[in-house]
Amino acid sequence: MIRQDFQRIDPKRRAVLDHKKKQFAAPSFKQQDYPYRLNFYDVPPTAEITLEEFEQWAIDRLKVLAEIEACSYRNKSTQETEAHITPLLKKFLPLASNSSATSGVVSQQLRNERQKDHYSHFILRLAFSATEDLRRRFVRAETMLFRFRFQKDDSKERRNFIESLNLDWEPVSEEERLEYSEELLHSTPGLRRADEESWFKVDWERVPELVERRAIFMRKGKAYVPQREQLSMIIADFTARLEKAMELTSRALPRLDEDDRLTPILNHLSKNFGSAESVYTEGEGVVDGAPITAASIDPLSQHFPLCMRSLHMTLRKSNHLKHFGRLQYTLFLKGIGLNLDECILFWRQSFKGYSDDEFNSKYKYNIRHTYGDVGGDSNRRGRGYPPYSCQKILMDSAPGTGQTHGCPYRHFSVDNLTALLQSTGVHDKDVLRGVQEDVEKQRFHIACNRVFEWAHKAEIKRVKEDGSWNQTDLDTIVHPNTYFKRSYLLKHAEKPSSE
Ligand code: SF4
């Protein structure tokens, strides 16, 4: 489904593909109509799109799924999740109903939205089918997204969509309903009369939610489901189909190794589930007009995330940091807008007890190199390296003895992490307990966001109430420089501009 002009496969390699790989070598392109807003994603896309669309659409969907997952990790209620993801969906994955179409132009727009939704789903299927953990998380987040959209859909369109699915539901006959009216009445909470609704019979495994809640009458392996519980059935069906499809995709994945255009993109996407790194662009951590100088780092450090705060505290205590700690911190400082001269001054003043000669010969070159002032390849000249994202800090090698780089939520023991948090003023027992739980479940950036939300509780409430920030300004933080910028702006009551 990638346009030919973006193909980078060596034609010789393409020629030796065997018949089993034909589906990747010679797809038959077909435009699909999207009569419904909702989609069960049963039919894979086959029309052509560009590589740029392939990547960007997947990143946009990933952003939404990562936020949905973050909401569930943080035990947000349905209403809170809805409030959180509605603006994100509008921005990254809009999907309007048919009733919004008033002209041919809008119809094309609807088609484009639905195509993006359709393709991005399938691209992420490829990216997340490699391991069981990724498959499980993807199915969970996609199911939540589908449920959200289903509930929001126009009721007429929803009915048409359900009818189009040809689901294998057996209607309960009038005689049967009368025969079991007592049982139906007693097993179905909130029902006053069994003839209030029409009923369907399905295998009980298809409505696990209802069975778990004991909110259903069952007989001979069949569950008797009232009309209003359709949602449960649809959701269970959606999940079951997707789980099965993910299994099949995982088996087909090795064949994709042939494709050196897609594999790197897919690998990158799957690494970033939960911390959509790609949404951070260079320079976005800079706060315009903020006094970022060597002398202002101490007071500004109150806005730093724990990883950088820890580095700063160690630096102040021991007047030194080892190489990887220096590198992580220098890149962060560069990212908040500290210029090269001020950065050299900052490190020079911090490394007390070192002579100028020692500092210049051992440390200055590295700082200049980080800024792209010397060395490096020509691409980096003048720009240097970008600040590390949470993903990189979390995944890179753990700090050894005496080293201070890394993420405290991941690399510190629970006792040391708790002590560090307390030393930065986090004493709230609920927050500390929540952090411990997050860490146990390896949700490190969720722990970090939890602390951020607690530390900025009053400011977040204020900017939400006065409407100066919207929900997309407060999405999950996945970059230390975003943490700094957001903290600084919130405390200084400024509106985010380029975040
Ligand atoms: Fe730093 Fe990210 Fe870890 Fe927070 S989650 S402490 S920002 S690396």
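For clarity, every value in this text was computed on a predicted model and none was experimentally measured. Numbering of residues starts from 1 in every chain and runs along the sequence as written. The model is predicted, so local features are restricted to residues of pLDDT at least 70 and side-chain atom pairs to those at 80 or more, both for listing and for counting; the totals for chains, interfaces and linings are taken over all residues. Remark: hydrogens and water are excluded; side-chain values derive from all non-hydrogen atoms of the structure.

(A) A look at the overall build of the chain. Helix and strand counts for the chain come out as 24 helices and 4 strands. Throughout, exposure labels follow a simple rule: accessible area from a 1.4 Å probe, protein chains only, divided by the maximum for the residue type, with under 20% read as buried, over 50% as exposed, and the rest as partly exposed. Considering the chain as a whole, with its 499 residues, one finds that 48% of them fall into the buried category. Counted over contacts in the chain with a minimum sequence separation of 6, partners at least 24 positions apart contribute 70%. In this text, helices come from DSSP runs of H or I with a minimum length of four residues, and strands from runs of E with a minimum of two, each type numbered from the N-terminal end. The contact rule is simple, with two residues in contact once any of their heavy atoms fall within 4.5 Å.

(B) Seen up close, the environment of Asp60. On the secondary structure map, Asp60 appears in helix α3 (residues 51-73). Each C-alpha atom of the pair Asp60 and Ser120 lies 8.1 Å from the other, and the pair is 60 residues apart in sequence. Among all residues touching Asp60, those that are not within four sequence positions of it are Phe92 and Lys116. Two N or O atoms form a polar contact when they lie within 3.5 Å of each other; inside protein one atom must be a possible hydrogen donor and the other a possible acceptor, and for residues adjacent in sequence the pair counts only when both atoms belong to side chains. Side chain to side chain, Asp60 and Lys116 meet in a polar contact 2.8 Å long.

(C) The arrangement of the nonpolar core in detail. Definition of nonpolar core: a set of buried residues of the types Ala, Val, Leu, Ile, Met, Phe, Trp, Tyr and Cys, connected through side-chain atoms within 4.5 Å. Counting 58 residues, the largest nonpolar core has Phe304, Tyr329, Trp347 and Tyr409 as the members making the most contacts within it. If sequence neighbours within four positions are ignored, Trp347 has contacts with Leu315, Leu321, Arg326, Tyr329, Thr330, Phe359 and Ile367. Core analysis: the next-biggest nonpolar cluster, separate from the first, contains 57 residues, Ala47, Leu62, Phe161 and Ile235 among them.

(D) Looking closely at the site of the ligand. Residue proximity to a molecule or strand is established when one non-hydrogen atom of the residue lies within 4 Å of it. Lining the immediate environment of the ligand, one finds Pro305, Cys307, Cys390, Ile393, Cys407, Tyr409, His445, Cys448 and Pro480. Among the elements of the structure, α18 (390-395) and α22 (444-455) are those that each provide at least two residues to the shell around the ligand. Residue type decides the class: Asp, Glu, Lys and Arg count as charged, Ala, Val, Leu, Ile, Met, Phe, Trp, Tyr, Cys and Pro as nonpolar, and the leftover types, Gly among them, as polar. Looking at side-chain class alone, the shell around the ligand contains 8 nonpolar, 1 polar and no charged residues.

(E) Summary view of the confidence of the model for the chain. When pLDDT is averaged across the chain, the result is 84; 86% of the residues are at 70 or more. Counted against residues more than four places away or in other chains, residues 2-23, with its pLDDT under 50, gives 37 contacts. Scored from 0 to 100, pLDDT records how confident the predictor is in each individual residue.

(F) Main features of the pattern of salt bridges. Should a side-chain nitrogen of Lys or Arg be within 4 Å of a carboxyl oxygen of Asp or Glu, the pair is scored as a salt bridge. For the structure shown, the criterion picks out 28 salt bridges. The partner of Lys461 in a salt bridge is Glu465, with the nearest N and O atoms 3.4 Å apart. Placement of the pair is Lys461 and Glu465 together in helix α23 (residues 457-465), with a separation of 4 residues, close to one helical turn. Judged on exposure class, the residue Lys461 and its partner Glu465 are both exposed. One network of salt bridges, with partners in common, ties together Asp42, Arg206, Asp237 and Arg241.

(G) Structural context of the sheet that holds strand β4 (residues 222-226). Spatial ordering of the open sheet is given by β1-β2-β4-β3, a layout of 4 strands whose pairing is antiparallel. Strands at the two margins of the open sheet, each flanked by one partner only, are β1 (170-171) and β3 (217-219). Where strand β2 (residues 199-203) and β4 come together, 5 bridges link them in antiparallel fashion. Its bridge partner being in β4, Phe200 is matched across the sheet by Val225. Strands qualify as paired when DSSP identifies two bridges or more between them.

(H) Structural context of the pairing of β2. Counting buried positions along β2 gives 4 out of 5 residues, so the element sits mostly inside the fold. Looking at chain direction, β1 and β2 are connected through 2 bridges and run antiparallel. In the strand pairing of β2, Glu170 is matched with Lys201.

(I) Representation of unusual backbone geometry in the model. One non-glycine residue, Arg214, lies in positive phi territory at about 50 degrees. Position of Arg214 relative to the elements: it lies in the loop between α10 (208-212) and β3. Positive phi outside glycine occurs at Lys220, with the angle close to 50 degrees.

(J) Region of the structure containing the UniProt feature "binding site: [4Fe-4S] cluster" (unreviewed entry) in the chain. UniProt records the feature "binding site: [4Fe-4S] cluster" (unreviewed entry) for Cys307, Cys390, Cys407 and Cys448 in the present numbering. Taken along the chain, the residues just named run across 142 residues; in space they keep tight, none of their C-alpha pairs more than 10.0 Å apart. Inspection of the secondary structure puts Cys307 in helix α14 (residues 306-318). Non-local contacts of Cys307, meaning those with residues more than four positions away in its chain, are made with Gln328, Gly406, Cys407, Pro408 and Pro480. In this fold, Cys407 is placed in the loop between α18 and α19 (408-411). UniProt positions are given in the numbering used here, feature names are shortened, and annotations may be inferred rather than shown by experiment.

(K) How the structure looks around the packing of α22 against α23. To obtain an axis, a line is fitted to C-alpha atoms, over the contacting stretch when the element is a helix, and the angle between two such axes runs from 0 to 180 degrees between their N-to-C directions. Contact pair α22 / α23: the axes reach a minimum separation of 4 Å and the direction vectors enclose 75 degrees. As judged from the angle between their axes, α22 and α23 are roughly perpendicular. Touching Phe452, Glu453, Trp454 and Ala455 of α22 are Lys457, Glu459 and Ile460, all from α23. What sets the label is the angle itself: under 35 degrees gives roughly parallel, over 145 gives roughly antiparallel, 65 to 115 gives roughly perpendicular, and the rest give oblique.

(L) Layout of the side chain of Lys116. Looking at the secondary structure, you find Lys116 in helix α5 (residues 104-127). In contact with Lys116, other than residues within four places in its own chain, are Trp57, Asp60, Phe92 and Leu93.

(M) Molecular detail of the packing of aromatic side chains. Only Phe, Tyr and Trp rings are paired, with Trp represented by its six-membered ring, and only when their centres lie within 6.5 Å; those with planes under 30 degrees apart are stacked, over 60 edge-to-face, the remainder tilted. Applying the stated criterion to the full structure yields 29 aromatic pairs. On the numbers, 5.6 Å between centres and 40 degrees between planes, the contact of Tyr180 with Phe217 is tilted. With Tyr180 in the loop between α8 (174-179) and α9 (181-187) and Phe217 in strand β3, this residue pair connects regions lying 37 residues apart in the sequence. Taken individually, Tyr180 and Phe217 each receive the classification buried, so the pair is uniform in this respect. Measuring from centroid to centroid gives 5.9 Å for Tyr329 and Trp347, while their planes differ by 90 degrees, and the two rings are edge-to-face. With Tyr329 in helix α15 (residues 323-336) and Trp347 in helix α16 (residues 340-350), this pair connects stretches of sequence that are 18 residues apart. Residue class for Tyr329 comes out buried when judged on its relative accessible area of 0%. One aromatic cluster in this structure is built from Phe304, Tyr329, Phe332, Phe346, Trp347, Phe351, Tyr354, Phe359, Tyr363, Phe484 and Tyr488.

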